[in-house]
Amino acid sequence: MPRQGRLGHRHARLHHQDRHRLLPQHRGRPAHQPWPGLITTTPATAPVLQAGQVREGAHVTGIGTDMPHKNELPPALFARAALIAVDDHQQCLDHGDFGRAVRAGSTTDTSDTPVGLLLASPIDRPDGAITIADLTGVGALDAALATAVLRELAPEAK
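Caption draft 1: Spotlight on the overall build of the protein chain. On a plain count of helices and strands, the protein chain comes out with 5 helices and 7 strands. Element order for the protein chain, N to C, with α for helix and β for strand: β-β-β-β-α-β-α-α-β-α-β-α. Expressed as a percentage of its 158 residues, the buried residues of the protein chain come to 39%. When contacts within the protein chain are restricted to residue pairs at least 6 apart in sequence, those whose partners lie at least 24 apart make up 57%. Of the roughly 8,700 Å² of accessible surface on the protein chain, 56% is carried by carbon and sulfur atoms.

Caption draft 2: Geometry of the pattern of salt bridges. All chains considered together, the criterion is met by 2 salt bridges. One salt bridge in this structure joins R80 and E56, with 2.7 Å as the shortest N-O distance. With R80 in helix α1 (residues 75–80) and E56 in the loop between β3 (37–40) and β4 (59–62), this pair connects stretches of sequence that are 24 residues apart.

Caption draft 3: Broad picture of the confidence of the model for the protein chain. The predicted model of the protein chain averages 76 in pLDDT, with 66% of residues at 70 or higher. Across the protein chain, α1 holds the top mean pLDDT of 98, while strand β1 (residues 11–14) sits lowest at 35. Contacts of residues 1–24 to residues separated by more than four positions or lying in other chains number 57 contacts, the stretch itself having pLDDT below 50.

Caption draft 4: A look at helix α3 (residues 97–104). Residues of α3 that are buried include every one of D97, F98, G99 and A101, and no others. Buried-residue contacts for α3 involve α1, β5 (81–86), α2 (89–95), β6 (112–114) and β7 (130–134). Positioned one or two residues after α3, G105 has a phi angle of 85 degrees, which is positive.

Caption draft 5: Local environment of the nonpolar core. Within the largest apolar cluster, 20 residues are counted, with the highest numbers of intra-cluster contacts made by V54, L73, L77, F78 and F98. Going through the elements one at a time, α1, β5, α2, α3 and β7 are the ones with two or more residues in this core. Among the elements that take part in this core, β5 stands out by supplying 3 residues, more than any other. The contact partners of L77, leaving out residues within four places of it in the chain, are A51, V54, V60, I130 and I132. Among the nonpolar cores identified, the runner-up in size contains 5 residues, and A85, V115, L118 and A133 belong to it.

Caption draft 6: Representation of the environment of I39 within the structure. Position of I39 relative to the elements: it lies in strand β3. Separated by 94 residues in sequence, I39 and A133 have C-alpha atoms that sit 9.4 Å apart.

Caption draft 7: Focus on the packing of aromatic side chains. Under the defined criterion, the tally for this structure stands at 1 aromatic pair. A centroid spacing of 6.5 Å and a plane angle of 50 degrees characterise the contact between F78 and F98, whose relative ring orientation is tilted. Placement of the pair is F78 in helix α1 and F98 in helix α3, with a sequence separation of 20 residues. Across the pair, exposure class does not vary: F78 and F98 are buried alike.

Caption draft 8: Structural view of the environment of D87. The residue D87 is located in the loop between β5 and α2 in this model. Along the primary structure D87 and T113 are separated by 26 residues, whereas in three dimensions their C-alpha atoms are 8.6 Å apart. Once residues lying within four places of it in the same chain are set aside, the contact partners of D87 are C92, V115, D134, L135, T136, G137 and V138. Within the structure, D87 has its side chain in polar contact with the backbone nitrogen of T136 (distance 2.9 Å). From its side chain, D87 meets the backbone nitrogen of G137 in a polar contact 3.0 Å long.

The rules behind each value
- Residues numbered from 1 in each chain as written.
- Predicted model: local features only at pLDDT ≥ 70, side-chain atom pairs only at ≥ 80, totals over all residues.
- Heavy atoms only, no water.
- Helix = DSSP H or I, 4+ residues; strand = E, 2+ residues; numbered from the N terminus.
- Buried < 20%, exposed > 50% of the residue type's maximum accessible area, 1.4 Å probe, protein only.
- Contact = heavy atoms within 4.5 Å.
- Areas by Shrake-Rupley, 256 points an atom, 1.4 Å probe, with all protein chains shown as cover.
- Salt bridge = Lys/Arg side-chain N within 4 Å of Asp/Glu carboxyl O.
- pLDDT = per-residue confidence, 0-100.
- Core = buried A, V, L, I, M, F, W, Y, C linked by side-chain atoms within 4.5 Å.
- Phe/Tyr/Trp six-rings, centres within 6.5 Å; stacked < 30°, edge-to-face > 60°.
- Polar contact = N/O pair within 3.5 Å; in protein donor to acceptor, adjacent residues only side chain to side chain.

Pasting the structure below:
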């Protein structure tokens, strides 16, 4: 795949007919194309898309909000989500897009699910459901490993 500039200033989308290759996408282009997912990893300080641009059934992963001044996903998108996964609840409330959505009243502070739980026990996802992962800096692998270790050390926590 040819390099197309600094990906930090673009979105990447998964295209289901292109063997799930990540395709760079310029800011401002519609996100309602027939792609099953959208990954944002930018230094943005304002949302990089509008909630209405995300089609039903899409999954959105926001990776770039690792500092309080950063913002990628609009609060209104969280109101449309059937599932909101976070890597660290408190950290996402503090400076993730999830926290911005809670403060805007688009969702509640208890509407999230830890990524580690989803990795340990996947759930059924309705076809038309929009899902969001707000990742602020705790690795998904770390969360999965911590969950597995906890289950081994405390079997009653299963």
